[in-house]
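Commentary on secondary and tertiary structure
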Amino acid sequence: MTLENARPIFGWGEQSIPGFAERRGQYLYRTCRNWQFAWWLRSNRDAPDALPMPPMPPADNPDQLKLM
């Protein structure tokens, strides 16, 4: 894979996790690069906490598979 026009993102790391964040004091969380970057995205790019759930089909939908 090749990325074109990619630029580095600076300023994220353990310091990007706010003090009020749950599990901030736990070593395995605060040193996780994914968790650090997720907090940076949330703080600097208004990223949502999670994607919205897709709509559920109606219960009486005949196309819906049922486990018996």
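As the structure is a computational prediction, the values presented were derived from the model and not from experiment. (Residues numbered from 1 in each chain as written. Predicted model: local features only at pLDDT ≥ 70, side-chain atom pairs only at ≥ 80, totals over all residues. Heavy atoms only, no water.)

**Side note on a nonpolar patch on the surface**
Heads up, the condition is: What makes a patch is a set of residues exposed beyond 30% relative accessible area and free of salt bridges, joined within 9 Å when like-charged and within 5 Å when nonpolar (Val, Leu, Ile, Met, Phe, Trp, Tyr). For the area figures, the Shrake-Rupley method with a 1.4 Å probe applies, and any residue is considered shielded solely by the protein chains shown. One speaks of a salt bridge when a side-chain nitrogen belonging to Lys or Arg is within 4 Å of a carboxyl oxygen belonging to Asp or Glu. Secondary structure elements follow DSSP: runs of H or I of four or more residues count as helices, runs of E of two or more count as strands, with numbering from the N terminus. Note on exposure labels: buried denotes an accessible area under 20% of the residue type's maximum, exposed denotes more than 50%, and partly exposed covers the range between, all computed with a 1.4 Å probe on protein chains only.
On the surface, Tyr27, Leu28 and Tyr29 cluster together into a nonpolar patch covering about 370 Å² of accessible area. Of note, Tyr27 is situated in helix H1 (residues 27–30). When its relative accessible area of 55% is taken as the criterion, Tyr27 is described as exposed.

**A few points about the pattern of salt bridges**
Taken as a whole and assessed by the stated rule, the structure comprises 2 salt bridges. Put simply, Arg24 and Glu14 hold a salt bridge, and the shortest N to O gap is 3.7 Å. Of this pair, Arg24 sits in the segment before H1 while Glu14 is found in the segment before H1, placing the two residues 10 residues apart along the sequence. Here Glu14 falls in the partly exposed class, since its relative accessible area comes to 34%. Each of the salt bridges in this network shares a partner with another, and the network as a whole consists of Glu14, Arg24 and Arg30.

**Remarks on the packing of aromatic side chains**
The geometry of an aromatic ring pair is captured by the separation of the ring centres together with the interplanar angle, meaning the angle of the planes. Put simply, the rule is: Aromatic rings from Phe, Tyr and Trp, with only the six-membered ring used for Trp, were paired whenever their centres fell within 6.5 Å, and each pair was classed as stacked if the ring planes differed by under 30 degrees, edge-to-face if by over 60, and tilted otherwise.
Throughout the structure, instances matching the rule amount to 5 aromatic pairs. Residues Tyr29 and Trp35 carry aromatic rings whose centres are separated by 5.6 Å and whose planes lie at 70° to one another, so their mutual orientation is edge-to-face. Looking at Tyr29, the relative accessible area reads 30%, which means it is partly exposed. Ring centres of Phe37 and Trp40 lie 5.8 Å apart, and the angle between their planes is 5°; this geometry places the pair in the stacked category. On the criterion of helical spacing, the pair formed by Phe37 and Trp40 is a turn pair, its members being 3 residues apart in helix H2 (residues 33–45). An aromatic cluster is built from Phe20, Tyr29, Trp35 and Trp39, whose rings are joined through pairwise contacts.

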